[in-house]
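# Chains, contacts and geometry: an overview
Listed below, chain by chain, are the residues.
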Amino acid sequence: MSWLVGTAIVIGGVSTVGFAQNAGQSGKTDDPYKAYYAGPAPADTQALQGGPLARPMPAQVQRDMGYQSPPITPAPAPQTSGGWMPSSAAPPQVSGSASASSSSGTSYTGGGSYIPPAKPSSPYSGQAATGGTYSGQTTYGGYPAGVTTQPAPASNYGGPNYGRQTNGAQNYNSGPQYAGQNSGPMQAPPPIRSQPRWWNRLGFGNVQVKTDGHLKMGLAGVSRDETTSELTADGMVRTEVSAITQSGIEYGVKLKLRGQRDRYRRGFGGSTMVFGTNGCQPGIPGCATVTLAGTPRAARGHTSQLYTFGQNEQKEHTLALEAANLFVRTPYGDFTAGRDDGAAALFSSQAPSLMPLARVSNRRTDYSGLDMTKTVNDASGFAEKVTYTSPRLLGDTIGVGVQIGLSYAPSTEACGVDYCVRGNDSNNPNAPLSPQLDDAVEAGMALSRNFNNGLSVEGTANYARAKDTSGISEFDDLQSWGLGLTASYGQFAFGTSYLSSNNGWAADGDYRAADVGLTWKPSNWGVTTGFGYAEDDLTGVTGRSALLGVSYDFDRYTIGTGVQYTDRDVPVSTGFVVSQETQDATSVFIEGAVKF
């Protein structure tokens, strides 16, 4: 009986709407079923038998109008994968006398067996959604009471809640509303994301290992007082193991191993007593001298590392761990703790070179054994320290990129390939003495600008200061600073740099060095030329260097050949008289390098 009451209510409402809509369009105002006609109004009720209908007709209306068989309705259109029908599709046919209206605006006529659409692929698309919601008394799932097909059981999904609207349609309480003939297929809500574990938050699921390095070798014929052949080699392997957190912060550990074969070096500088040259006796005016316990000893500046008397510290083969640190890289800058270069060295420039090894300053290896030009402000070398370098800043605001760096090293002692600073050997009278520097503070800054015409310019400035703890009166706190300028335009690159240091010497003992260089690289071929100059007031040594070379790059390899001239004037004592002696060498070389 309950479904009869619901049907009567629907019939009454639909009839009233149809009557009101057609009252002003036809003289047949007494026909309450005109809303169901398709086409012109028929002459009588009998003419409606089997005719087309504008919309499905409730069973009670069919009986009132004398129908004996179901009216003709358009063929059903294919359903979508989600169980919903497109707007142009008609509903599937149902036989019998039951009648109901769907929430999508489509009516289902008759009773008996209802064939629901195919099961949706999404677990969130139940029969209640695909079959529509019937007006009148229904069970869960939208099936009319009395229909033989059982409704789909209610399922408690872990997704959005479903609830009824006042018009009988289903809706997603936490998503878009689906109702009406134009409704699309139901969308499954995104899966619930589980909380990441702590090791994933720390980036352990995204660990990266990066390794690079190089091997460079050079063979030269060197002309001094006699002609000799020199074989040099320099190798480096660097490895980083890092993890990237979910917030984009990278942290890890870095190691760098350097090895070298160069029989005239142990770090930069060294003794001037080479190739048969006499030294400058400590205690004689004009020779670099400090007094320790009343005994004159040879003095060596911190930056130049030159000394004019004493045992030679040259070492043909050197192997050193020049980087071992922890680092953190963030959008706000990079932080490093451990063995690494200081901020003053990181923000130092030098003359460019396309050659694998040969340079006019800051050389990796030295064919002549006379090199003394250095413009890199390595006040603390690769000694243990903490360092901060900022990202490039203000480029979009002022048109010039700005980057700064700061570092602090408790001690400057470290001995490797290019930098070797050790404690004083007070008990060896032939060993030179140098300032013992602690608490090294370094700062650097770089300004860069790229112009629309292809010109790129960068300027650098750096400063370092360290405290002397040797207790020797002739030494003082270190102060050093440097400037640099590099520019590139098309196939050309230019660079020049300058370094000034008091050498950690209390009196007049400054070290000054400068270089300038130009490269031209129209293709794989390239040409390098440059000049370097240095003078050390503490030891009285002055040096010069010039280079001309040609190089060729292919894949990861570089080969080059050229000529380099190096000379320096050194003090020599004879008795109590000090004079200058020139040491010079010309090197013709061929070099090769591979990067990996």
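The rules we used
Residues numbered from 1 in each chain as written. Predicted model: local features only at pLDDT ≥ 70, side-chain atom pairs only at ≥ 80, totals over all residues. Heavy atoms only, no water. Helix = DSSP H or I, 4+ residues; strand = E, 2+ residues; numbered from the N terminus. Polar contact = N/O pair within 3.5 Å; in protein donor to acceptor, adjacent residues only side chain to side chain. Contact = heavy atoms within 4.5 Å. Patch = residues over 30% accessible without salt bridge, like charges linked within 9 Å, V, L, I, M, F, W, Y side chains within 5 Å. Areas by Shrake-Rupley, 256 points an atom, 1.4 Å probe, with all protein chains shown as cover. Salt bridge = Lys/Arg side-chain N within 4 Å of Asp/Glu carboxyl O. Lys, Arg positive; Asp, Glu negative; His and termini not counted. Charge placed at Lys NZ, Arg CZ, Asp CG, Glu CD. Phe/Tyr/Trp six-rings, centres within 6.5 Å; stacked < 30°, edge-to-face > 60°. Buried < 20%, exposed > 50% of the residue type's maximum accessible area, 1.4 Å probe, protein only. pLDDT = per-residue confidence, 0-100. Disulfide = S-S within 2.5 Å. Core = buried A, V, L, I, M, F, W, Y, C linked by side-chain atoms within 4.5 Å. Pairing = 2+ DSSP bridges.

Looking now at the side chain of Q260. Here Q260 lies in strand β7 (residues 250-261). One polar contact links Q260 to D234, side chain to side chain, over a distance of 3.2 Å. Polar contacts involving the side chain of Q260 include one to the main-chain carbonyl oxygen of R364, which spans 2.6 Å. Apart from residues no more than four positions distant in its own chain, Q260 is found in contact with A233, D234, E316, H317, T318, R364, T365, V417 and D418.

Together, D225, E226, E581 and D584 line one region of the surface with negative charge. Mapped onto the elements, E226 comes out in the loop between β5 (207-223) and β6 (227-244).

Turning to the packing of aromatic side chains, a few remarks are in order. For the structure on display, the rule yields 10 aromatic pairs. Each ring, one from Y367 and one from F589, has its centre 5.7 Å from the other, and the planes form 15°; the classification is stacked. Of this pair, Y367 sits in the loop between α5 (343-346) and β14 (384-389) while F589 sits in strand β26 (residues 577-595); the two residues are 222 residues apart in sequence, bridging distant segments of the chain. Take Y367: its relative accessible area is 2%, and that puts it in the buried class. Judged by relative accessible area, which is 2%, F589 ranks as buried.

Overall, the prediction assigns the chain a mean pLDDT of 77, with 67% of residues at 70 or greater. Overall, residues 1-55 carries pLDDT values under 50, and its contacts beyond four positions in sequence, including any with other chains, amount to 51 contacts. Overall, residues 79-183 carries pLDDT values under 50, and its contacts beyond four positions in sequence, including any with other chains, amount to 186 contacts.

For the rest of this paragraph, the subject is the environment of T365. Looking at the element boundaries, T365 is found in the loop between α5 and β14. Among the residues examined, T365 registers a relative accessible area of 4% and is labelled buried. A polar contact is formed between the side chain of T365 and the side chain of T232, at a distance of 3.4 Å.

Right, let's talk about the state of the cysteines for a bit. All told, the structure shown has two disulfides when counted by the stated rule. Here C280 pairs with C287 through a disulfide, and the sulfurs are 1.7 Å apart. Residues C280 and C287 share a disulfide whose torsion about the S-S bond is about -80°; that sign makes it left-handed. Between the sulfur atoms of C415 and its disulfide mate C420 the distance is 1.9 Å. Torsion about the S-S bond of the C415 and C420 cystine: about -85°, corresponding to left-handed handedness. Classification of C415 as partly exposed rests on a relative accessible area of 27%. The class for C420 is buried, based on a relative accessible area of 12%.

Summed over all chains, the structure comprises 25 salt bridges. Two residues, E322 and R258, come together in a salt bridge whose shortest N-O distance is 3.3 Å. Placement of E322 in strand β12 (residues 317-330) and of R258 in strand β7 is noted, with a sequence separation of 64 residues between them. Neither residue differs from the other here; E322 and R258 are each classed as buried.

On to the nonpolar core. Counting residues in each nonpolar core, the largest one holds 13 residues, and the members touching the most others are A220, V222, M355, A358, Y367, L547 and F589. Ranked by size, the runner-up nonpolar core spans 10 residues in total, among them M372, L499, Y511 and V570.

Before going further, it helps to spend a moment on the environment of R224. Within the secondary structure, R224 sits in the loop between β5 and β6. Given the relative accessible area of 17%, R224 is considered buried. Residues R224 and F275, 51 residues apart in the sequence, show an inter-C-alpha distance of 8.7 Å. Among residues more than four places away in sequence, those in contact with R224 are E230, Y264, F275, Y367, S368, G369, D584 and A585. Within polar-contact distance, the side chain of R224 engages the backbone oxygen of S368 at 3.1 Å.

Let's shift gears to the pairing of strand β21 (residues 492-501). In terms of strand pairing, strand β20 (residues 478-489) meets β21 through 10 bridges, oriented antiparallel. The partner of S488 across the bridge, within β21, is A493. Turn length for the β20-β21 hairpin, with the two strands adjacent in sequence and antiparallel, is two residues, and the turn residue G490 shows positive phi of about 60°.

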